[in-house]
Amino acid sequence: MVFPFADDYSFGILQSGIHWLWFTTKCSTLTERFRYTSDTVFDTFPWPQKPNETQLRAVATAARQLRELRHRIMSENGWSLRDLYRTLETPGDNKLRNAHTALDIAVRAAYGMKENEDILGFLLKLNLELAYKESKGESITPPGLPSFMPNPADFVSEDCVAVL
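The structure contained in this document is the topic of the report that follows.

Rules used throughout
- Residues numbered from 1 in each chain as written.
- Predicted model: local features only at pLDDT ≥ 70, side-chain atom pairs only at ≥ 80, totals over all residues.
- Heavy atoms only, no water.
- Helix = DSSP H or I, 4+ residues; strand = E, 2+ residues; numbered from the N terminus.
- Rg over C-alpha atoms; globule rule 2.2 N^0.38 Å.
- Buried < 20%, exposed > 50% of the residue type's maximum accessible area, 1.4 Å probe, protein only.
- Areas by Shrake-Rupley, 256 points an atom, 1.4 Å probe, with all protein chains shown as cover.
- Core = buried A, V, L, I, M, F, W, Y, C linked by side-chain atoms within 4.5 Å.
- Contact = heavy atoms within 4.5 Å.
- Salt bridge = Lys/Arg side-chain N within 4 Å of Asp/Glu carboxyl O.

With that settled, the discussion passes to the overall build of the chain. The number of helices and strands found in the chain is 7 helices and 2 strands. Helices (α) and strands (β) of the chain occur, in sequence order from the N terminus, as α-α-β-β-α-α-α-α-α. In terms of overall dimensions, the chain is globule-like: its C-alpha atoms have a radius of gyration of 16 Å, near the 15 Å expected for 164 residues. Judged by the C-alpha coordinates and their principal axes, the chain covers about 55 × 40 × 35 Å. Scored against the burial criterion, the 164 residues of the chain give a buried share of 36%. Accessible surface computed for the chain: about 10200 Å², of which carbon and sulfur atoms make up 55%.

Given below as structure tokens:
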């Protein structure tokens, strides 16, 4: 699945454990493998509605750090992304796990989600609230970097794939 967002904030939301849990709950399967479907996963995934600039920057920073760490470890070891993520199957300290934890903490803050709050319960409630608002013609914050950010280019890194 390709997500045509240029910014690190959106990358962070989509790489978070919060999005992963929504994905594995809402997706279809192809044999035993998860299958990302835009209509059941992406279209129903509620994005943070009122993140402030500090929270947006925290998600973007954690996302960049995760991506840089992944690139460095894969380059140093000649690993694929799958090889890298297999390291999460072993117990103990793991820099990749720590980077994902830092990202998840930043994403939770952007949602206004409490530390131990049930992720799926929170997302479902938010999903229902947003569906109601949309049915009344009210605006919601759509996927991607919120439009109130004055300099969206500040959230775009040079290491991302670009569509020309």
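Continuing now.
Attention shifts here to the nonpolar core. Y9, I13, I18, F45, V59, Y111 and L123 are the most contacted members of the largest nonpolar core, which has 37 residues in total. Looking at this core, the elements with two or more residues in it are α1 (8–15), α2 (17–26), α3 (38–42), α4 (53–77), α6 (95–111) and α7 (119–135). Here this core gets 8 residues from one element, more than from any other, and that element is α4. Ignoring any residue separated from it by four or fewer positions in sequence, one finds Y9 in contact with W47, P48, P51, L56, V59, A60, G144, L145, P146 and F155.

For the rest of this paragraph, the subject is the pattern of salt bridges. Applying the stated rule across the entire model yields 8 salt bridges. A salt bridge links E53 to R57, with the shortest nitrogen-to-oxygen separation between them at 3.0 Å. In this pair, E53 and R57 both sit in helix α4, 4 residues apart, roughly one turn of the helix. For R57, a relative accessible area of 32% puts it in the partly exposed group. K125 serves as the salt-bridge partner of E129, at 4.0 Å between the closest nitrogen and oxygen. One end of the pair, E129, and the other, K125, are both in helix α7, 4 residues apart, so they sit about a helical turn from each other. Looking at E129, the relative accessible area reads 40%, which means it is partly exposed. In the salt-bridge network here, residues are joined through shared partners; they are D8, R64 and R67.

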